[in-house]
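# Summary of structural features
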Amino acid sequence: MTKFRKLNRPTGHRMSMLRTMVSQLVKHERIETTVAKAKEVRRLADNMIQLGKDGSLCAARSAAAFVRGDDVIHKLFTELAYRYRNREGGYTRMLRTRIRVGDAAPMAYIEFIDRENELRQSKPATPQPPQRAPLDPWAKSKLSRQFAPPKEENVSDSDI
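Bear in mind that the values here come from a model prediction, so they are computed numbers and not experimental data. Along each chain, the written sequence defines residue order, and numbers are assigned to residues from 1. In keeping with the predicted nature of the model, local features appear solely for residues at pLDDT of at least 70, side-chain atom pairs appear and are counted solely at 80 or more, and the whole-chain, interface and lining totals rest on all residues. Side-chain measures here rest on the full set of heavy atoms in the structure, leaving out hydrogens and waters.

### Some remarks on the nonpolar core
When a protein is soluble and globular, its nonpolar side chains tend to lie buried together. What counts, and what does not: The nonpolar core is taken to be a set of buried Ala, Val, Leu, Ile, Met, Phe, Trp, Tyr and Cys residues, with the residues joined through side-chain atoms within 4.5 Å. Burial classification: accessible surface area is computed with a 1.4 Å probe over protein chains only, and a residue below 20% of its type maximum counts as buried, one above 50% as exposed, and the rest as partly exposed. Segments assigned H or I by DSSP are reported as helices when at least four residues long, segments assigned E as strands when at least two residues long, and all are numbered from the N terminus. In what follows, residue pairs with any heavy atoms lying within 4.5 Å of each other are defined as contacts.
Core analysis: the largest hydrophobic core is formed by 31 residues, its most contacted members being Val67 and Leu76. Looking at this core, the elements that each hand over two or more residues are helix H1 (11-28), helix H2 (35-54), helix H3 (57-66), helix H4 (70-83) and strand E3 (106-112). If near-sequence neighbours (up to four positions away) are discounted, Val67 is found in contact with Arg19, Val22, Ser23, Met48, Val72, Ile73 and Leu76.

Structural data, given as structure tokens:
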């Protein structure tokens, strides 16, 4: 297991809370929580989507050991795996919303991208820059020809 934020909770409580939050995120596709919890849920939810895209029996058992509910597992391996089949990563988005009144904790929405009723639309993919021809290291550069032209000797008839 990788390093997680402790979130001021014992390990069992923390893992149980994160498992429940990931399951609810998959089920409802948007939840509101604190920023620190949202950052942890984002990591785990992206891992669950990767397992759903894998689609193997081992991946299904790994996901079933983490998330809660058969309907959540079914949604992971059918709907979400199909939706993100061409995406390499970044399945979730975190949007900061407000400061909670009771304890002034910063709150945020965490949601899946590319879905209906998004809070903010996804950015289009950035186009790749055109491929340039490889440079010849032995050729003179344009700058050396532009700023330092070769010296030319002027021979005039009046000097002779």
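### Comments concerning the packing of aromatic side chains
Quick reminder of the rule: Aromatic rings from Phe, Tyr and Trp, with only the six-membered ring used for Trp, were paired whenever their centres fell within 6.5 Å, and each pair was classed as stacked if the ring planes differed by under 30 degrees, edge-to-face if by over 60, and tilted otherwise.
A complete count under the given rule lists two aromatic pairs for this structure. Ring geometry for Tyr84 and Tyr91: centres 5.2 Å apart, planes at 55°, overall tilted. For the pair shown, Tyr84 and Tyr91 are each scored as buried. Centroid distance Tyr84 to Phe112: 6.3 Å. Interplanar angle 45°. Geometry classified as tilted. Here the residue Tyr84 occupies a position in the loop between H4 and strand E2 (92-99), and Phe112 occupies one in strand E3, the gap between them amounting to 28 residues. Note on Phe112: relative accessible area 0%, which makes it buried. In textbook terms, an aromatic cluster arises when at least three aromatic residues are bridged by ring pairs, as seen for Tyr84, Tyr91 and Phe112.

### Focus on H2
Residue pairs spaced three or four apart in an α-helix point in one direction, given the helix's 3.6 residues per turn. Let me state the cut-off plainly: By this rule, a helix spans an expected 1.5 Å times one less than how many residues it contains.
The terminal C-alpha atoms of H2, which comprises 20 residues, lie 29 Å apart, in line with the 28 Å expected from a rise of 1.5 Å per residue. Within H2 the residues assigned to the buried category are Val35, Lys37, Ala38, Glu40, Val41, Leu44, Ala45, Asp46, Met48, Ile49 and Gly52. In this structure, the buried residues of H2 make contact with H1, strand E1 (30-34), H3, H4, E2 and E3. Positive phi appears at Gly55, one or two residues downstream of H2, with a value of about 75°.

### Description of the pairing of E3
Applied cut-off: One bridge is not enough; two strands pair if DSSP finds at least two bridges between them.
Counted residue by residue, E3 has five buried out of seven residues, so it is predominantly covered. Of the pairings in the sheet, the one linking E1 to E3 comprises five bridges and is antiparallel in character. By the bridge assignment for E3, Arg30 is matched with Glu111. Across six bridges, the pairing between E2 and E3 is antiparallel. Residue pairing for E3: Arg96 is matched across the bridge by Ala108. What sits between E2 and E3 in their antiparallel hairpin is a turn of six residues, with Ala104 showing a positive phi close to 60°.

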